[in-house]
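Chains, contacts and geometry: an overview
Here are the chains, one letter per residue:
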Amino acid sequence: MEQLLKSSERKEGFQVYASRWLILIIFMFVSFNQTLCWLTFSPISIYSREYFDLCDTSLNASYDASCSRVNGKGQDDIDLMLAWGGIIYLLSVPVFIFLTFDKGLKLLLTFTATMLVVGCTLRIVPRTFLLSSIAGEKYDLYIVHAAQIMFALTGPITMATPPRLSATWFAPSERLMSTALASSSAFLGMAAGFATSTQIVRSASEVPTLLWIHLALSCVSFLLVVPLFSDKPPLPPSATAPTKPRRGRSDSSLDTRWADFCHCFSDINFGLVAFSG
């Protein structure tokens, strides 16, 4: 890691480090995994309903209860697993907007990577090793919903932190590219989720294979974040880089933050970008 902190540019006390690309790649990988795990069951909804025993697999099953029917019995649970993303995002994004400025990037990304590992573990370990013999109750399904909520809780972090990551590590001339790459990794995870899930899972018995793959990826992201990710470089890349948390301001109060929030939306250009997104 020390070798990566060698500067590639230096001017007037500011320094741009080669390790910024490693930091960006780690962030992109975590963001990629977050949307990949969140989208797990929707592309393979027919097999997911059968895997969780939400529909009838027998040949004489009614059309409404049959697993072969698209949007049939049990589809509501699969849709809710996906919907947790929007529900939790709406509830938690105001909190994480402030945390993005008050807390270090490593703390937030470590929290994200930890939630991914815990969520992926909850989705597969209880059903595979603990709850497979319990009949008549959907304990495993409730645990999977809890895991999906964990994934959704990390969504605001991966979506709100790319601008701060760019401002902290990259020179002004590189920030547009770095922000675009960090933000696009989440959408790449969605695309990969649709493309890979349908190729890996061809029957309900293959759903655990996909879950184990996601668990392995989440463990890799955690092992990358903890030893290699850093809050900020030893020297800022430019005069506009954030040098200390927002809480260091003497006037940092709820009223001041609300005034700053209102000031942003008083700018017509900011308002157009915010509402068009």
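Anything mentioned here points back to the structure above.
First, a word on scope: everything that follows refers to the structure included in this document. Values in this document were obtained by computation on a predicted structure and should not be read as measured data.

**A few points about the overall build of the chain**
The secondary structure content of the chain amounts to eleven helices and two strands. Along the chain, from the amino end to the carboxyl end, the secondary structure elements read β-β-α-α-α-α-α-α-α-α-α-α-α. Relative to its 277 residues, the chain shows a buried fraction of 41%. Considering only residue pairs separated by 6 or more positions, the chain has 77% of its internal contacts joining residues 24 or more positions apart. Accessible surface computed for the chain: about 14,500 Å², of which carbon and sulfur atoms make up 66%.

**Section: the packing of helix α1 (residues 20-38) against helix α8 (residues 175-200)**
Their axes nearest at 7 Å, the elements α1 and α8 cross at an angle of 35 degrees. By crossing handedness, the relation of α1 to α8 is classed as right-handed. Contacts between α1 and α8 involve Trp21, Leu24, Phe27, Met28, Ser31, Phe32, Thr35, Leu36 and Trp38 from the first element and Met177, Ser178, Leu181, Ala182, Ser185, Ala186, Leu188, Gly189, Met190, Ala192, Gly193 and Thr196 from the second. Taken together, the residues of the contact of α1 with α8 break down into 14 nonpolar, seven polar and no charged.

**With respect to the packing of aromatic side chains**
By the definition in use, this model includes three aromatic pairs. Taking the centre distance of 5.0 Å and the plane angle of 70 degrees together, the rings of Tyr51 and Phe52 count as edge-to-face. The same class applies to Tyr51 as to Phe52, namely buried. Taken together, the ring pairs in this structure connect Phe41, Tyr51 and Phe52 into an aromatic cluster.

**Re the nonpolar core**
The tendency in soluble globular proteins is for nonpolar side chains to be buried side by side. Membership of the largest hydrophobic core comes to 36 residues, with the highest contact counts inside it found for Phe41, Phe52, Leu165 and Phe229. Listed by contribution, the elements that provide at least two residues to this core are α1, α3 (75-102), α4 (105-130), α5 (139-153), α7 (162-169) and α9 (207-228). Sorting elements by how many residues they give to this core places α1 first, with seven residues. Discounting chain neighbours no more than four positions away, the residues touching Phe41 are Ser48, Phe52, Ile78, Met81, Arg123, Val144, Gln148, Val207 and Leu211.

Conventions we followed
- Residues numbered from 1 in each chain as written.
- Predicted model: local features only at pLDDT ≥ 70, side-chain atom pairs only at ≥ 80, totals over all residues.
- Heavy atoms only, no water.
- Helix = DSSP H or I, 4+ residues; strand = E, 2+ residues; numbered from the N terminus.
- Buried < 20%, exposed > 50% of the residue type's maximum accessible area, 1.4 Å probe, protein only.
- Contact = heavy atoms within 4.5 Å.
- Areas by Shrake-Rupley, 256 points an atom, 1.4 Å probe, with all protein chains shown as cover.
- Axes fitted to C-alpha atoms, helices over the stretch in contact; angles between N-to-C directions.
- Left-handed = near helix turned anticlockwise from the far one by under 90°.
- Nonpolar A, V, L, I, M, F, W, Y, C, P; charged D, E, K, R; others polar.
- Phe/Tyr/Trp six-rings, centres within 6.5 Å; stacked < 30°, edge-to-face > 60°.
- Core = buried A, V, L, I, M, F, W, Y, C linked by side-chain atoms within 4.5 Å.

These results come straight from atomic positions and should not be treated as a statement about function.
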